[in-house]
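A closer look at the structure
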Amino acid sequence: MSPDASMELVCPAGNLPALKAAVDNGADCVYIGFRDGTNARNFAGLNFDAAAAREGLRYAHAQGAKVLLALNTYPQAENWQRWQGALDQAAALGVDAVILADVGLMDYASKTYPGLRLHLSVQGSATNYEAINFFYERFGIRRAVLPRVLALAQVEQVVNHTPVEIELFGFGGLCVMVEGRCALSSYVTGESPNTCGVCSPAKAVRWQQTPQGLESRLNGVLLDRYEDGENAGYPTLCKGRFEVNGDTYYAIEEPASLNAMECLPEMLRMGIKAIKIEGRQRSPAYVAQVTQAWRQAIDACRRAPHDFKVDAAWSESLSKVAEGRQHTLGAYHRPWK
Amino acid sequence: MKLPSITFPAPVAKLLALLPQYPHAVLFVGILNAALSAHLRPRDLQPLHGKQVCIRVKDTGVEFHFSVTPTAFVARHRVPRPDLTISADARDFLLLGLRWEDADTLFFNRRLTMEGDTELGLFVKNTLDALEIPVLDIFRPGPEAVHIRDKNILRSS
């Protein structure tokens, strides 16, 4: 590893205080979205209008941090103008990069704003270097965020065969990991995460305390029933408990959070350029706590990668905020790979 | 600074729940209108207009019922099914108000529950998160509200 190896910490922000919390606690980049379905965290009251984005850019740039804008959902024929408008606005605001998934939007961006830095979103579902190199050759992408399906050995294969910077998820809620291709919620709500920007539209979600426990429902479909004191999860179909052949269990995915902190030395060694923290829907308190722990970890790893150990205090602050309160290395660690 | 780990004993909740809740609500909206309106204009809360919201402090048995009009927060009498009910213990509301704790973390731990219109609940949560300063700092005296930054809270709960 070269001594000047860099690895950026990329943190989420759903609002201005979260952006400031990320910057104050040592994020190199903060990623944000506009207040509509052009990004994959389209929740009421969340995200940035133009004025807030402008102030966020001013604040981040004053402290040497970058702001990336996620435009990572897929426009449809009837609403293309909205995505195009969002991209025009991002370019006018002077964001440091846009995070895109859709090929059409990528084409428009590269032709209209050749100076605008393009990142391939995790929603672009590119899991191999041929796919990433295609985006590089056609649209000049500078970075790709890898879907959370590859073991570290596979990640290294990708890194070694592309000139594109690779960004990996380090921490945050996991889903069934078919990013950019998941249509699960549309079977129940008629809205898919990739076109409407949210896994479970809040208007279709209901929580109700019943004598049997706390029930979560999506458009009337029972997703889960939690006993008193049992940890709850986000009300998504993929994390529901269902009766299958007489057994009731997490038939698709158990709620869990990724925490790949122990893999940092390995990621640094193979030349990973950025670590991404999930959670634009979370509060400024979460952003501050998680950013602080990861800043310290990345700095410690860069100073002495061979002696790197995950500090108990970092783990504790990360465990506290995790969905499902359990951590996993996800696909990064596969003994059989 | 660190908040003590207290919960009001169950008899307190039983006793206070028997009292009329409307006077609390009048006091509550009075404070909201006086302190919050400089930072959060009722007209910006359009999705809440005409909706009845209940803040239930579980360990004290106290409920605040209110609604929002284009010009003010207004106290309401208790109804069986408010449009949105947000419940937590007093200490957890304090932690949220000070921005020392994350709402989703409390939700995962079952310390914060939201019943009724989930979209409305997310709108409230996200609107409060987007305020320039934490909600409870707004109520602190002085010309400039000050951020309370204390990392000990990371180990408090």
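Residues numbered from 1 in each chain as written. Chains lettered and ligands numbered in written order. Predicted model: local features only at pLDDT ≥ 70, side-chain atom pairs only at ≥ 80, totals over all residues. Heavy atoms only, no water.

Moving on, we get to the overall build of chain B. Looking only at helices and strands, one finds six helices and five strands in chain B. N-terminal to C-terminal, the α/β element order of chain B is α-α-β-β-β-β-α-α-β-α-α. Looking at chain B as a whole, 49% of its 157 residues are labelled buried. Within chain B, contacts between residues separated by at least 24 positions form 69% of all contacts whose residues are at least 6 apart in sequence. (Helix = DSSP H or I, 4+ residues; strand = E, 2+ residues; numbered from the N terminus. Buried < 20%, exposed > 50% of the residue type's maximum accessible area, 1.4 Å probe, protein only. Contact = heavy atoms within 4.5 Å.)

Let us look at the pattern of salt bridges. Summed over all chains, the structure comprises 29 salt bridges over all chains. Taking the shortest distance from any N to any O, the salt bridge between A:R41 and A:E278 comes out at 2.8 Å. Of this pair, A:R41 sits in the loop between β2 (29-32) and α2 (50-62) while A:E278 sits in the loop between β14 (274-277) and α10 (284-303), and the two are 237 residues apart along the sequence. Residue A:R41 is classed as partly exposed on the basis of its relative accessible area of 22%. In this structure, the salt-bridge partner of B:D104 is B:K125, at a minimum N-O distance of 3.0 Å. Placement of B:D104 in helix α4 (residues 103-108) and of B:K125 in helix α5 (residues 118-129) is noted, with a sequence separation of 21 residues between them. (Salt bridge = Lys/Arg side-chain N within 4 Å of Asp/Glu carboxyl O.)

Attention now goes to the sheet that holds strand β4 (residues 84-88) of chain B. All names here are of chain B. The five strands are arranged β3-β2-β1-β4-β5 in an open sheet whose pairing can be described as mixed. Every other strand in the sheet has two partners, leaving β3 (73-75) and β5 (113-116) as the edge strands with one partner each. Geometrically, the sheet is characterised by an average inter-axis angle of 25 degrees between neighbouring strands, direction not taken into account. Here strand β2 (residues 62-68) pairs with β3 via three bridges, running antiparallel. Considered in β3, the bridge of F66 is made with A75. (Pairing = 2+ DSSP bridges. Axes fitted to C-alpha atoms, helices over the stretch in contact; angles between N-to-C directions.)

Turning to the interface of chain A and chain B, a few remarks are in order. Contacts between chain A and chain B engage 41 residues on the former and 32 residues on the latter. For the pair chain A and chain B, the two sides together bury roughly 3,100 Å², of which 51% comes from carbon and sulfur. Summed over the shared surface of chain A and chain B, the result is four salt bridges. Where chain A meets chain B, there are 14 residue pairs in polar contact (both at pLDDT 80 or more). Counting only elements with at least two residues in the side of chain A that touches chain B, the list comes to α1 (16-24), β8 (205-210), α10 and α11 (312-321) of chain A. Residues belonging to the side of chain A that touches chain B are distributed by class as follows: 17 nonpolar, twelve polar and twelve charged. (Buried area = accessible area lost by both parts, 1.4 Å probe. Polar contact = N/O pair within 3.5 Å; in protein donor to acceptor, adjacent residues only side chain to side chain. Nonpolar A, V, L, I, M, F, W, Y, C, P; charged D, E, K, R; others polar.)

A few words now on the confidence of the model for chain B. Residues and elements named next belong to chain B. A residue-level look at chain B finds 82% of positions with pLDDT of 70 or above and a mean pLDDT of 80. No element of chain B has a lower mean pLDDT than helix α1 (residues 10-18), at 70, and none a higher one than β4, at 95. Here residues 143-157 is modelled with pLDDT under 50, and outside its nearest four sequence neighbours on either side it reaches 32 contacts, counting other chains as well. Both scores are available for the predicted complex, with the pTM at 0.90 and the ipTM at 0.88. (pLDDT = per-residue confidence, 0-100.)

This brings us to the sheet that holds strand β9 (residues 213-218) of chain A. All names here are of chain A. Reading across the sheet, the three strands line up as β8-β9-β10 and stay open at both edges, with antiparallel pairing between neighbours. Edge positions in the open sheet fall to β8 and β10 (221-226), since each of these has one partner strand only. Shown here is a sheet whose adjacent strand axes are inclined to one another by a mean of 20 degrees, direction ignored.

What follows covers the side chain of A:N72. Residue and element names in this part refer to chain A. As for its position among the elements, N72 is in the loop between β3 (66-71) and α3 (80-93). Accessibility expressed as a relative area gives 9% for N72, which makes it buried. A polar atom in the side chain of N72 sits 3.0 Å from the backbone nitrogen of A40. Residue contacts for N72: discarding those within four places in its chain leaves T38, N39, A40, I99, A101, S121 and Q123.

Turning our attention to α5(B). The end-to-end C-alpha distance of α5(B) is 16 Å, a good match for the 16 Å that twelve residues give at a rise of 1.5 Å each. Of all twelve residues making up α5(B), ten are buried, and the element is well covered by its neighbours. Considered for burial, the residues of α5(B) that qualify are B:T118, B:L120, B:G121, B:L122, B:F123, B:V124, B:K125, B:N126, B:T127 and B:D129. Of the surrounding secondary structure, the elements contacted by the buried residues of α5(B) are α1, β8 and α10 of chain A together with β4, α4 and β5 of chain B. One side-chain oxygen of the residue at the start of α5(B) lies 3.1 Å from the amide nitrogen of B:E119, identifying that residue as B:D117. (Expected span 1.5 Å × (residues − 1).)

Residue and element names in this part refer to chain A. This structure, assessed with the given rule, holds zero disulfides over all chains. Cysteine C182 remains unbridged, with the sulfur of C199 as its closest cysteine sulfur at 6.2 Å. Its sulfur unpaired, C301 is 11 Å from the next cysteine sulfur, which belongs to C263. Using a relative accessible area of 1% as the deciding quantity, one classes C301 as buried. (Disulfide = S-S within 2.5 Å.)

Before going further, it helps to spend a moment on the packing of aromatic side chains. Residue and element names in this part refer to chain A. What the rule picks out here adds up to twelve aromatic pairs over all chains. Arranged with centres 6.1 Å apart and planes meeting at 25 degrees, the rings of W207 and Y226 form a pair that is stacked. Here the residue W207 occupies a position in strand β8, and Y226 occupies one in strand β10, the gap between them amounting to 19 residues. For W207, a relative accessible area of 6% translates into the label buried. (Phe/Tyr/Trp six-rings, centres within 6.5 Å; stacked < 30°, edge-to-face > 60°.)

All names here are of chain A. Contact pair α1 / α2: the axes reach a minimum separation of 10 Å and the direction vectors enclose 10 degrees. Here α1 is positioned roughly parallel relative to α2, judged by the angle of their axes. On α2, the residues touching L16, L19, K20, V23 and D24 of α1 are A52, E55, G56, Y59 and A60. In terms of residue class, the contact of α1 with α2 is built from six nonpolar, one polar and three charged. (Parallel < 35°, antiparallel > 145°, perpendicular 65-115°, else oblique.)

The next subject is the nonpolar core. Formed by 87 residues in total, the largest nonpolar core has its most connected members in A:V98, A:L264, A:M267, A:I272 and A:W294. Top contributing element to this core by residue count: α10(A), with ten residues. Beyond its immediate stretch of four places on either side in the chain, A:I272 contacts A:S6, A:M7, A:V155, A:V159, A:I166, A:L168 and A:M267. Within the second largest apolar cluster, 29 residues are counted, among which are B:L36, B:F66, B:A75 and B:A88. (Core = buried A, V, L, I, M, F, W, Y, C linked by side-chain atoms within 4.5 Å.)

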